[in-house]
Amino acid sequence: MAAVNMLIAAAIVCFVSLSFYAGFRDVLPSTVRRVWDGTQVAASVVTLVWGWVSQRRGHREALLNPPTPGQIRQARRDRNGRIPGLIAVGRGLMLFAAPVMPAFAAWCLGWFAAAIAVREYPSEVGARRWLEAHSTGT
């Protein structure tokens, strides 16, 4: 189910990013548009790999010291408190970032793909270790 949600999120990010970019692209002269599109393709390939690598590194580090169930709950509470502010900031930044939105979408796509491709999440490892340490042995 998490993989389906991540695929839906990736599709939404790509659609919104390309829509913003299309609006920016229409105001460029045709010669500049070709050069800018080529630059965006190259930047998108680089950021796709960058998103994949950054997610895999973060995942590897989190597996070395997985969170306990209590830490996961606290992190979720903290994140939920910050979400409204991040949404407002994100909307404002998207207007300024329209010229590079394809590269941003490619980074997100690489990050989502790497997150889907893992065998085990750090939260699962942390929960399993916590259960093993706190089991009564009966």
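Scroll up for the structure.
In this text the structure is predicted, and so the values were computed from the model without any measurement.

**Quick notes on the packing of aromatic side chains**
Where two aromatic rings form a pair, the distance of their centres and the angle of their planes describe that pair. With the rule as written, the count across this model stands at three aromatic pairs. Considering the side-chain rings of Trp 111 and Phe 112, the 5.7 Å spacing of their centres and the 80 degrees angle between planes classify their relative orientation as edge-to-face. Overall, the relative accessible area of 29% leaves Trp 111 in the partly exposed class. These aromatic residues form a ring-pair network of at least three members: Tyr 21, Phe 24 and Trp 36.

**Concerning the side chain of Ser 44**
By the secondary structure assignment, Ser 44 is in helix H2 (residues 30–64). On the accessibility criterion, Ser 44 (15% relative accessible area) is buried. Excluding residues that lie within four positions of it along the chain, Ser 44 makes contacts with Pro 102, Ala 103 and Ala 106.

**Considering the nonpolar core**
In terms of nonpolar packing, the biggest core is built from five residues, these being Met 6, Ala 10, Cys 108, Phe 112 and Ala 115. Where this core is concerned, the elements lending two or more residues are helix H1 (2–25) and helix H4 (101–116). Considering every element that reaches this core, the biggest residue donor is H4, with three residues. If near-sequence neighbours (up to four positions away) are discounted, Ala 10 is found in contact with Leu 109 and Phe 112.

Cut-offs and rules
- Residues numbered from 1 in each chain as written.
- Predicted model: local features only at pLDDT ≥ 70, side-chain atom pairs only at ≥ 80, totals over all residues.
- Heavy atoms only, no water.
- Phe/Tyr/Trp six-rings, centres within 6.5 Å; stacked < 30°, edge-to-face > 60°.
- Buried < 20%, exposed > 50% of the residue type's maximum accessible area, 1.4 Å probe, protein only.
- Helix = DSSP H or I, 4+ residues; strand = E, 2+ residues; numbered from the N terminus.
- Contact = heavy atoms within 4.5 Å.
- Core = buried A, V, L, I, M, F, W, Y, C linked by side-chain atoms within 4.5 Å.

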